[in-house]
Amino acid sequence: MSTTIPACGWNQAVFRCGRCGAEHTATTEADYLKAIGVHGDAHAVWDRLNATERSGYASILRTILAAPELAAELLALVDRQPAEGEGR
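Now for a description of the structure that goes with this document. All figures in this text were calculated on a predicted structure; none of them were measured in a lab.

## Let's talk about the overall build of the chain
If you tally the helices and strands in the chain, you get three helices and two strands. The order of helices and strands in the chain, counted from the N terminus, is β-β-α-α-α. When contacts within the chain are restricted to residue pairs at least 6 apart in sequence, those whose partners lie at least 24 apart make up 9%. Accessible surface computed for the chain: about 7500 Å², of which carbon and sulfur atoms make up 58%.

## Details of the pattern of salt bridges
Using the criterion set out here, one finds two salt bridges in the structure. Its salt-bridge partner being Arg16, residue Glu23 comes within 3.1 Å of it at the nearest N-O pair. Residues Glu23 and Arg16 agree in their burial class; the two are exposed. The partner of Asp47 in a salt bridge is Arg19, and the shortest N-O contact between them spans 3.0 Å. In this pair, Asp47 sits in helix H1 (residues 29–48) while Arg19 sits in the loop between strand S1 (13–16) and strand S2 (23–26), placing the two residues 28 residues apart along the sequence.

## Considerations on the packing of helix H2 (residues 51–65) against helix H3 (residues 68–80)
Axis separation between H2 and H3 bottoms out at 6 Å; the angle between their running directions is 110 degrees. Comparing their axes, H3 and H2 come out roughly perpendicular. For the pair H2 and H3, contact is made by Thr63, Ile64 and Leu65 and by Pro68, Leu70, Ala71 and Leu74, respectively. Looking at the contact of H2 with H3 residue by residue, the class counts come to six nonpolar, one polar and no charged.

## Considerations on a nonpolar patch on the surface
Where nonpolar side chains cluster on the molecular surface, the patch consists of Leu70, Leu74 and Leu77 and spans about 210 Å² of accessible area. Summarising the element assignment, Leu70 is placed in helix H3.

## Considering the pairing of S2
Relative to S2, S1 runs antiparallel, the two sharing four bridges. Paired with Val14 across the strands is Thr25, a residue of S2. Between S1 and S2, which pair antiparallel in sequence order, lie six residues; one of them, Gly21, sits at a positive phi of approximately 85 degrees.

Definitions and limits used
- Residues numbered from 1 in each chain as written.
- Predicted model: local features only at pLDDT ≥ 70, side-chain atom pairs only at ≥ 80, totals over all residues.
- Heavy atoms only, no water.
- Helix = DSSP H or I, 4+ residues; strand = E, 2+ residues; numbered from the N terminus.
- Contact = heavy atoms within 4.5 Å.
- Areas by Shrake-Rupley, 256 points an atom, 1.4 Å probe, with all protein chains shown as cover.
- Salt bridge = Lys/Arg side-chain N within 4 Å of Asp/Glu carboxyl O.
- Buried < 20%, exposed > 50% of the residue type's maximum accessible area, 1.4 Å probe, protein only.
- Axes fitted to C-alpha atoms, helices over the stretch in contact; angles between N-to-C directions.
- Parallel < 35°, antiparallel > 145°, perpendicular 65-115°, else oblique.
- Nonpolar A, V, L, I, M, F, W, Y, C, P; charged D, E, K, R; others polar.
- Patch = residues over 30% accessible without salt bridge, like charges linked within 9 Å, V, L, I, M, F, W, Y side chains within 5 Å.
- Pairing = 2+ DSSP bridges.

Encoded structure:
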């Protein structure tokens, strides 16, 4: 007599934020924990911004995220800038 034991675990989990209602589906435990952490960090940053900063950052992020090449160039530009107090 052969007994098949089903595999333990899960194939996906959904994180639902109680603050904003966002939902993230993850297929691994590591991805689930990462989604929770990143989302919590986003709330922490958002909570520190005033209304003007929120509007400005949202506009900037929409522009940058729509153009990955722009994001790469901006980061490269930042890396080429002298440290504060140093001349060009």
